[in-house]
Amino acid sequence: MAMRQTPLTCSGHTRPVVDLAFSGITPYGYFLISACKDGKPMLRQGDTGDWIGTFLGHKGAVWGATLNTDATKAATAAADFTAKVWDAVSGDEVLTLAHKHIVKSVSFTQDSNCLLTGGNDKVLRIYDLSKPEAAPLEIPGHTSAIKKALWCNGDQQILSAAEDKTIRLWDRTSMEAVKTLSFDTSVSSMEYVADGEILVITYGKTIAFYNALSLDLIKTVEAPASINSASLHPEKDFFVAGGDDFKLYKYDYSTKEELESYKGHFGPVHCVRFSPDGELYASGSEDGTLRLWQTAVGKTYGLWKCVLPGNAQILRFPTQDSPEIKA
Amino acid sequence: MTTPVSVLRLPRGPDPNSRGFDPSSPRFIALCAASIPTSAASAADPARLQEEQRARSVLRESFLRCLLSMSNKRVQFHMYEKVKVEATFGASDIDVLNFQVSDLQTPIGVQKEALIRCQDVISYCFEV
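Reading the values: the criteria
Residues numbered from 1 in each chain as written. Chains lettered and ligands numbered in written order. Predicted model: local features only at pLDDT ≥ 70, side-chain atom pairs only at ≥ 80, totals over all residues. Heavy atoms only, no water. Helix = DSSP H or I, 4+ residues; strand = E, 2+ residues; numbered from the N terminus. Buried < 20%, exposed > 50% of the residue type's maximum accessible area, 1.4 Å probe, protein only. Contact = heavy atoms within 4.5 Å. Areas by Shrake-Rupley, 256 points an atom, 1.4 Å probe, with all protein chains shown as cover. Polar contact = N/O pair within 3.5 Å; in protein donor to acceptor, adjacent residues only side chain to side chain. UniProt positions renumbered as here; feature names shortened; annotations may be inferred. Pairing = 2+ DSSP bridges. Axes fitted to C-alpha atoms, helices over the stretch in contact; angles between N-to-C directions. Salt bridge = Lys/Arg side-chain N within 4 Å of Asp/Glu carboxyl O. pLDDT = per-residue confidence, 0-100. Phe/Tyr/Trp six-rings, centres within 6.5 Å; stacked < 30°, edge-to-face > 60°. Lys NZ or Arg CZ within 6 Å of the ring centre and 35° of its normal.

### Brief notes about the overall build of chain B
From N to C terminus, chain B includes 3 helices and 7 strands. In sequence order, chain B lays out its α and β elements as β-β-α-α-α-β-β-β-β-β. Looking at chain B as a whole, 23% of its 128 residues qualify as buried. Residue pairs in contact within chain B that sit at least 24 positions apart in sequence constitute 32% of those at least 6 positions apart. Only carbon and sulfur atoms are counted for the fraction: they give 56% of the accessible area of chain B, which is about 8,600 Å².

Written out as structure tokens, the structure reads:
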């Protein structure tokens, strides 16, 4: 009996969701943070989408959000010219880092000691979180606004994508660009997969995979519509992509074959990411929602339940909060 | 003819009255340093701290002993939504998030084996 995908809709944001990130797998499961133009990033339980808390403090649209590996810290980048670091357990604001323009991207090192920021002032900054009053290390070079900045190669190098249609690989110690990739159009998203050193880039209708160390092209795949974000499965058997036609596409990474496409969002998809265990992927859209999608449709996981014909339903005790069905 | 995958419930949305980060959640209690009210106060009086820690240990020990004595006894659980059920208590998990019970008597039948989610329980009683 063929099963049809049932996406789980996470409501709560009132404006477009522009960025999302998963934490690593912690003893309490894994977590998801969403950046929204309403200025209120939210933390959710990764496998169910249940809301845990909202980080309150930014005075403008939040363009970027990230969690450290054990989900104890969160960082956000906003249009109020600040990046903020938060305690992701209590929800308290820990640090505000003032910038000279809109901040678009934030990224923690593996040890959570340093934060990389990038934004419209075209400069990459590295903050030492143990010395927050100290001035950050600054790496200029891009000639337009930076859209995304990520640590790579064991936090020894930095990858940055900007509106100047380039992706640059920087060495942390020398603070110089060691490689540059140029494109005909601005890159819409970038994902770094540490295990295997793969860089996933999207531009126009193309999803491209590069070696993150050499920046050599591995392969490209063309989608039916303009793509805003793509994510590679941890086991590298699938990748998913979403863009301006509101749909989510699932592809086989080895054969580049389009396997499935899913409708559900009511607006362009801005971001999509696989969970750290690869069992689901989350998408954020212009419609203000996040949706969770199963990798293996029909599998019992999180809130999805495989009900075999003839089996009794599980007994559920009603809880205090009844689910709200929102249109 | 495709069947949509069943879902237990929808993801919980934000609470309109608070910013969340429930201080009673297991993660908060385990990871937030200042879970002892006295230690949270910056000028922690060591004598008061010790006294509070002793009281906590006594309470914890008696709670654990209570769980032990409940083993294999019939226990009545009072839960939200005016739910009252009875079951034979088996065990608790380490974080006291779930109770394993047998022969759970519910208004719609007897469930041979079940897990009761502790956060759904308001109170329980049993005969010692």
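### Description of the environment of D19 of chain A
Residue and element names in this part refer to chain A. Locating D19 in the fold gives a position in strand β3 (residues 17-22). Here D19 falls in the buried class, since its relative accessible area comes to 9%. Separated by 252 residues in the primary sequence, D19 and C271 place their C-alpha atoms 5.6 Å from one another. A polar atom in the side chain of D19 sits 3.1 Å from the backbone nitrogen of A65.

### Observations concerning the UniProt feature "repeat: WD" (unreviewed entry) in chain A
Residues and elements named next belong to chain A. Taking the UniProt record as the reference, the feature "repeat: WD" (unreviewed entry) is found at residues 55-96, 96-137, 139-180 and 262-294. As annotated, residues 139-180 has a helix share of 0% and a strand share of 57%, and its two end C-alpha atoms lie 15 Å apart. The annotated region residues 262-294 carries 0% helix and 55% strand content, and the separation between its end C-alpha atoms amounts to 11 Å.

### Observations concerning the sheet that holds strand β4 (residues 31-36) of chain A
Residue and element names in this part refer to chain A. Spatial ordering of the open sheet is given by β3-β4-β5-β6, a layout of 4 strands whose pairing is antiparallel. Each having just a single partner strand, β3 and β6 (51-54) make up the two edges of the open sheet. For this sheet, the mean angle separating the axes of adjacent strands, direction not counted, is 20°. Pairing geometry for β4 and strand β5 (residues 42-45), over 4 bridges, is antiparallel. Of the residues in β5, the one forming a bridge with F31 is Q45.

### Overview of the pattern of salt bridges
Considering all chains together, one arrives at 17 salt bridges over all chains under this definition. Close ionic contact of E138 of chain A with R125 of chain A constitutes a salt bridge, the shortest N to O distance being 3.1 Å. With E138 of chain A in strand β14 (residues 137-139) and R125 of chain A in strand β13 (residues 124-128), the pair connects residues that are 13 residues apart, well separated along the chain. Put simply, R117 of chain B and D120 of chain B hold a salt bridge, and the shortest N to O gap is 3.1 Å. What makes R117 of chain B partly exposed here is its relative accessible area of 22%. Salt bridges linked by common partners bring D50 of chain A together with R9 and R12 of chain B together as one network.

### Quick look at unusual backbone geometry
One non-glycine residue with positive phi stands out, namely N153 of chain A, at about 55°. Of note, N153 of chain A is situated in the loop between β15 (146-152) and β16 (157-162). Residue N153 of chain A is classed as partly exposed on the basis of its relative accessible area of 26%. Within the chain, E81 of chain B stands out as a residue other than glycine whose phi angle is a positive 60°. With relative accessibility at 48%, the residue E81 of chain B sits in the partly exposed group.

### Some thoughts on the confidence of the model for chain B
Residues and elements named next belong to chain B. Looking at chain B as a whole, its pLDDT mean stands at 88, while 90% of the residues score no less than 70. At the level of individual helices and strands, chain B shows its lowest average pLDDT in helix α2 (residues 37-40), which scores 56, and its highest in strand β3 (residues 74-79), which scores 96. Under the prediction, the complex receives an ipTM of 0.84, its pTM being 0.77.

### Some remarks on the packing of aromatic side chains
Evaluated as defined, the whole model comprises 16 aromatic pairs over all chains. Ring geometry for F22 of chain A and Y30 of chain A: centres 5.8 Å apart, planes at 65°, overall edge-to-face. The exposure class of F22 of chain A is buried, given its relative accessible area of 14%. Here the aromatic rings of F209 of chain A and Y253 of chain A are separated by 4.8 Å at their centres, their planes lie at 70°, and the arrangement is edge-to-face. Taken as a pair, F209 of chain A in strand β21 (residues 206-211) and Y253 of chain A in the loop between β25 (248-252) and β26 (258-262) lie far apart in primary sequence, 44 residues in all. Y253 of chain A matches F209 of chain A in its accessibility class, with the two residues each being buried. Ring pairing ties together the aromatic residues F209, F239, Y249, Y251 and Y253 of chain A, which thus form one cluster. The ring of Y253 of chain A has K219 of chain A sitting right over it, with the charged end atom 4.1 Å from the ring centre. Taking NZ or CZ as reference, R27 of chain B lies 4.1 Å from the ring centre of F31 of chain A, over its face.

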